[in-house]
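Survey of secondary and tertiary structure
These are the residues of each chain, in order.
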Amino acid sequence: MAIVNVSDQNFAKETGEGLVLADFWAPWCGPCKMIAPVLEEIDGEMEEQVQIVKLDVDENQETAGKYGVMSIPTLLLFKDGEVVDQVIGFQPKEALVELINKHA
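Residues numbered from 1 in each chain as written. Predicted model: local features only at pLDDT ≥ 70, side-chain atom pairs only at ≥ 80, totals over all residues. Heavy atoms only, no water.

Focus on the pattern of salt bridges
This model, assessed by the stated rule, comprises four salt bridges. One salt bridge in this structure joins Asp23 and Lys54, with 2.9 Å as the shortest N-O distance. In this pair, Asp23 sits in strand E2 (residues 19–25) while Lys54 sits in strand E3 (residues 51–56), placing the two residues 31 residues apart along the sequence. For the pair Asp23 and Lys54, a shared accessibility class is recorded, and that class is buried. Connected via shared salt-bridge partners are Glu41, Glu45 and Lys93. (Salt bridge = Lys/Arg side-chain N within 4 Å of Asp/Glu carboxyl O. Helix = DSSP H or I, 4+ residues; strand = E, 2+ residues; numbered from the N terminus. Buried < 20%, exposed > 50% of the residue type's maximum accessible area, 1.4 Å probe, protein only.)

Set out below in structure tokens:
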């Protein structure tokens, strides 16, 4: 599966089933740009275990507010619609893979 861009309208549906890593980001955010290729790599290698979605916080403030996202990038890991883990700021690939494997 490819990385999916989500919005306030479809966020709950896209994160409601299975293991989903949600990237809360914005186009102007430097660390968000740094983590994007890392997420692409993980998506290519771990697509069987996890779906990755991206939510632009500037365009989707309702969802960002609901989850208390104050800093970006914030990555929330959902399992069947419930937040099971979270990391804030740039993370190396190894740390994100470990986070996903912990809940897979």
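Quick notes on the UniProt feature "site: Deprotonates C-terminal active site Cys" (unreviewed entry) in the chain
Following the UniProt record, one finds the feature "site: Deprotonates C-terminal active site Cys" (unreviewed entry) at Asp23. Apart from residues no more than four positions distant in its own chain, Asp23 is found in contact with Ile35, Leu39, Val53, Lys54, Leu55, Pro73, Thr74 and Leu75. (UniProt positions renumbered as here; feature names shortened; annotations may be inferred. Contact = heavy atoms within 4.5 Å.)

Details of the UniProt feature "active site" (unreviewed entry) in the chain
When the UniProt feature table is mapped to this numbering, "active site" (unreviewed entry) covers Cys29 and Cys32. Its location among the elements puts Cys29 in the loop between E2 and helix H2 (30–46). For Cys29, a relative accessible area of 4% gives the class buried. Setting aside chain neighbours within four positions, we find Cys29 in contact with Ile72 and Pro73. Those residues in contact with Cys32, other than ones at most four positions away along the chain, are Trp25, Ala26, Ile72 and Pro73.

Brief notes about unusual backbone geometry
For the bond from Ile72 to Pro73, the omega torsion is 0°, close enough to zero to count as cis. Relative to the helices and strands, Pro73 is located in the loop between helix H3 (61–66) and strand E4 (74–79). The backbone of Asp80 shows a phi angle near 50°, a positive value even though the residue is not glycine. Within the secondary structure, Asp80 is located in the loop between E4 and strand E5 (82–88).

Some thoughts on helix H4 (residues 93–103)
Residues Leu96, Leu99, Ile100 and His103 constitute the buried set of H4. Taken down its axis, H4 places every buried residue within 95° of arc, on the same side. Residues of H4 that are exposed and angled more than 90 degrees away from the buried face: Glu94, Glu98 and Lys102. Elements in contact with the buried residues of H4: E2, H2, E4 and E5. (Arc of directions from axis to C-beta.)

Side note on the environment of Phe90
Here Phe90 shows up in the loop between E5 and H4. For Phe90, a relative accessible area of 35% translates into the label partly exposed. Along the sequence, Phe90 and Lys54 sit 36 residues apart, while their C-alpha atoms lie 15 Å from each other. With residues up to four places along the chain from it excluded, the contact list for Phe90 reads Pro31, Met34, Ile35, Val38 and Pro73.

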